[in-house]
Amino acid sequence: MQLHISPSLRHVTVVKGKGLREFIKVKVGSRRFSYQMMFYSLLFFTFLLRLVFLLSTVDTIDGASPCSSLACLGKRLKPKLLGRRVETGNVPEAMYQVLEQPLSEEELKGRSDIPQTLEDFISEVKRSKSDAREFAQKLKEMVTLMEQRTRTAKIQEYLYRHVASSSIPKQLHCLALKLANEHSINAAARLQLPEAELVPTLVDNNYFHFVLASDNVLAASVVAKSLVQNSLRPHKIVLHIITDRKTYFPMQAWFSLHPPSPAIIEVKALHHFDWLSKGKVPVLEAMEKDQRVRSQFRGGSSVIVANNNENPVVVAAKLQALSPKYNSMMNHIRIHLPELFPSLNKVVFLDDDIVIQTDLSPLWDIDMDGKVNGAVETCKGEDKFVMSKKFKSYLNFSNPIIARNFDPEECAWAYGMNVFDLAAWRETNITSTYYHWLDENLKSDLSLWQLGTLPPGLIAFHGHVQTIDPFWHMLGLGYQEKTSFSDAESAAVVHFNGRAKPWLDIAFPHLRPLWAKYLDPSDRFIKSCHVRAS
């Protein structure tokens, strides 16, 4: 059969092959059929054929039953043309069945065929042309193996940080030994602090009284130097340093040889306070309780880490319980400030992991409104990692005792730099409330809160806290690496709370200069003990 089209495109003639001629005249509309339209039509059909080929190829790769190009195209386009998609459900259901089956750690031991990276996984799936079940099984094995390795790495990180933060760096140990030796051989290192004529200032409420409890000579030296150096009226500052028996001689030697003039400094050990050495003292009972807590984790950190079934967060909490600070009298001493300083009306209590960067005398002008504790709240701020702490962050509200007495959404506040109105404190039962709740926690098998002194402090000072401007106290420099140097530099007080203390090698390098600039690299004790002053 032959097809003839007239030049005008108005007649079409069909001729049979054997000579029998049939003339068929087809009247085409008067509208002209342009070559441009023919070109676009051919272009469209070419695109359509390529699409058919592509869709049929994808179907083959997906492992579906073989079909012709048109059949595959129909299968793919029909639901869309009807305005809906048809979900078969077979593939997801098969995958769910495989993924929900338990996979033990023993099943993965010694396996070398599990993909180690996403690229390996994709390559293996393409090579083996896996169906849905095989795909899910390979995926589950790879993810489970990665989870196990991540858990192990996380626990190792907690262990290393625990060791690094709990151990005494050799530089600090060296400094304490050299100062103790200096105290024994050098009369200038045994001066009375303060001098006899300045003793009356220790109880004079016309001065700005700061209290620092520390057994770390180097940390205490930075706090003292930054306090005095940034003060507008340093001659009005009285700094009361409280330490333990073993650190008293090194602490006295340091401040005898490095007096923060013109400020007045007092160094006392806990055994120098009469009330502490007489009868039954709650702070000593608290230490005994902390010792009992620590005894629950016998075997030390190696036994804790060896437990393969423990959640890494629980492991971290148990390691934290082994920290020496939880068996230190320094940890509870602030709750006895009214007894320690019976003649003072107001003090600012400082932790030894802070740096003061501005004059703090305006803190005495804050209207406490009859409250006892002036503190920065920790539930509001741009840094949600640091400033998102509420009561529920510290207290266990699944315990009915806590749930009945407190609001989980109530904003928490921070220790580290607090204004205490001791006159108002003496009119309350804050100290007895503190120890009452310590007893309750012990009776509840330590289920009321995490370890530390802040949770019972939140309870004891509940209703007695006056919020102060966040400018006065910036937190988190010991665990929030994202804190910028410029932001930290603009705060009145920066607090290296967390494990990354500035005197440790694990300190954040970009934040450590805020602390290190108050060290004198030329000092003979700093040099001889190789304390890094940069």
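Basis of the calculations
All residue numbers refer to positions counted from 1 along the written sequence of the respective chain. Local features in this predicted model are restricted to residues of pLDDT 70 or higher, and side-chain atom pairs are both shown and tallied only at a pLDDT of 80 or more, whereas totals for entire chains, interfaces and linings draw on every residue. Think of the side-chain values as coming from all heavy atoms in the structure, minus any hydrogens and water. Counting from the N terminus, the helices are the DSSP runs of H or I reaching at least four residues and the strands are the DSSP runs of E reaching at least two. Any residue under 20% of the maximum accessible area for its type is buried, any over 50% is exposed, and the rest in between are partly exposed; the area is computed with a 1.4 Å probe on protein chains only. A contact between two residues is defined here by any heavy atoms of the two lying within 4.5 Å. To be clear on the numbers: accessible area is Shrake-Rupley with a 1.4 Å probe, and residue cover counts the displayed protein chains and nothing else. In this analysis an axis means a line fitted to C-alpha atoms, helices contributing only their contacting stretch, and an angle means the value between N-to-C directions, from 0 to 180 degrees. Take the far helix as the reference: if the near one is turned anticlockwise from it by less than a right angle, the crossing is left-handed, and if turned clockwise, right-handed. Each residue receives one of three labels: charged for Asp, Glu, Lys and Arg, nonpolar for Ala, Val, Leu, Ile, Met, Phe, Trp, Tyr, Cys and Pro, and polar for the others, Gly being one of them. Strand pairing requires that DSSP identify at least two bridges connecting the strands. Aromatic pairs are defined between Phe, Tyr and Trp rings, using the six-membered ring for Trp, whenever the two ring centres lie within 6.5 Å; interplanar angles under 30 degrees are classed as stacked, those over 60 as edge-to-face, and all others as tilted. A ring has a charge above it when a Lys NZ or an Arg CZ is no more than 6 Å from the ring centre and no more than 35 degrees off the ring normal. As used here, the term nonpolar core means buried Ala, Val, Leu, Ile, Met, Phe, Trp, Tyr and Cys residues forming a set that is joined through side-chain atoms within 4.5 Å. Take the number of residues in a helix, subtract one, and multiply by 1.5 Å to get its expected span. pLDDT measures the predictor's confidence residue by residue and takes values from 0 up to 100. In protein, a polar contact requires one atom able to donate a hydrogen and another able to accept it; more generally it is a pair of N or O atoms within 3.5 Å, and residues adjacent in sequence count only if both atoms are side-chain atoms. Disulfides are defined as pairs of cysteine sulfur atoms found within 2.5 Å of each other.

Take the overall build of the protein chain next. On a plain count of helices and strands, the protein chain comes out with 20 helices and eleven strands. Considering the protein chain as a whole, with its 534 residues, one finds that 44% of them fall into the buried category. A fraction of 71% describes how many contacts in the protein chain between residues 6 or more apart in sequence connect residues 24 or more apart. In the structure as shown, the protein chain presents an accessible area of about 29700 Å², 56% of it carried by carbon and sulfur atoms.

Another aspect to go through is the packing of helix 8 (residues 217-229) against helix 9 (residues 245-257). Look at helix 8 against helix 9: their axes get within 10 Å of each other, and the N-to-C directions meet at 35°. The chirality of how helix 8 crosses helix 9 is right-handed. Contact residues: helix 8 offers V217, A220, S221 and A224, while helix 9 offers T247, P250, M251, W254 and F255. Its residues assigned to classes, the contact of helix 8 with helix 9 shows seven nonpolar, two polar and no charged.

Moving on, we come to the sheet that holds strand 4 (residues 237-243). In space, the seven strands of this open sheet follow the order 5-4-3-6-9-8-10, with mixed pairing throughout. Where the open sheet ends on each side, the last strands, each with one partner, are strand 5 (264-269) and strand 10 (465-467). The mean angle between the axes of side-by-side strands here comes to 25°, regardless of whether they run parallel or antiparallel. Alignment of strand 3 (residues 208-213) against strand 6 (residues 346-350), held across three bridges, turns out to be parallel. Its bridge partner being in strand 6, V211 is matched across the sheet by F349. Contacting strand 3, strand 4 and strand 6, helix 8 crosses the sheet at an angle of about 170° to strand 4. Across the sheet, helix 9 lies against strand 4 and strand 5, angled at about 160° from strand 5, the strand it touches most.

What follows is about the packing of aromatic side chains. Pairs of aromatic rings are described using the distance from one ring centre to the other and the angle between the two planes. Scanning the entire structure with this criterion turns up 14 aromatic pairs. Ring centres of F210 and W364 lie 5.1 Å apart, and the angle between their planes is 70°; this geometry places the pair in the edge-to-face category. Within this pair, whereas F210 is found in strand 3, its partner W364 is found in the loop between strand 7 (354-356) and strand 8 (373-375), the two being separated by 154 residues in sequence. Every member of this aromatic cluster is reached through a ring pair, and the members are W413, Y415, F420, W425 and F461. The positively charged end of K268 is found above the aromatic ring belonging to F273, 4.3 Å away from the centroid. Positioned over the ring face of Y415 is R334, at 4.0 Å from the centre of the ring.

Counting residues in each nonpolar core, the largest one holds 69 residues, and the members touching the most others are F210, L218, F255 and W515. Ranked by the residues each element gives to this core, the list is headed by helix 8, at nine residues. Counting 43 residues, the second largest nonpolar core, distinct from the first, contains M329, Y415, Y434 and F461.

Attention now goes to unusual backbone geometry. For the bond running from L193 to P194, omega is 0°, close enough to zero to count as cis. Here P194 shows up in the loop between helix 7 (170-185) and strand 3. Of the consecutive residues S261 and P262, the connecting peptide bond is found in the cis state with omega at 5°. Positionally, P262 belongs in the loop between helix 9 and strand 5.

Now for helix 16 (residues 430-443). For helix 16, built from 14 residues, the straight-helix expectation of 20 Å at 1.5 Å per residue is met to within 8% by its first-to-last C-alpha distance of 20 Å. All of the buried residues along helix 16 are I430, T431, T433, Y434, Y435, W437, L438, E440 and N441. Where helix 16 ends, the next residue or the one after it, D445, has phi of about 60°, a positive value.

Here the focus is the confidence of the model for the protein chain. One rule of thumb: low pLDDT means the predicted coordinates there are not for detailed reading. Residue-level pLDDT values for the protein chain average 80, and 71% of them are 70 or greater. Of the regions scoring below 50 in pLDDT, residues 60-65 engages in three contacts with residues more than four places distant in sequence or in other chains.

Here the focus is the side chain of S444. Assignment of secondary structure puts S444 in the loop between helix 16 and helix 17 (454-460). Looking at S444, its side chain comes within polar contact range of the main-chain oxygen of E440, at 2.9 Å. What S444 contacts, discounting residues up to four positions off in sequence, is N399 and I401.

A few words on the state of the cysteines. Inspection of the entire model under this criterion finds two disulfides. For C174, the disulfide goes to C529, at an S-S distance of 2.1 Å. What sets the handedness of the C174 and C529 disulfide is the S-S torsion sign, and at about -75° it is left-handed. Of the two residues, C174 is situated in helix 7 and C529 in the segment after helix 20 (524-528); the sequence distance between them amounts to 355 residues. C379 shares a disulfide with C411; S-S distance 1.9 Å.

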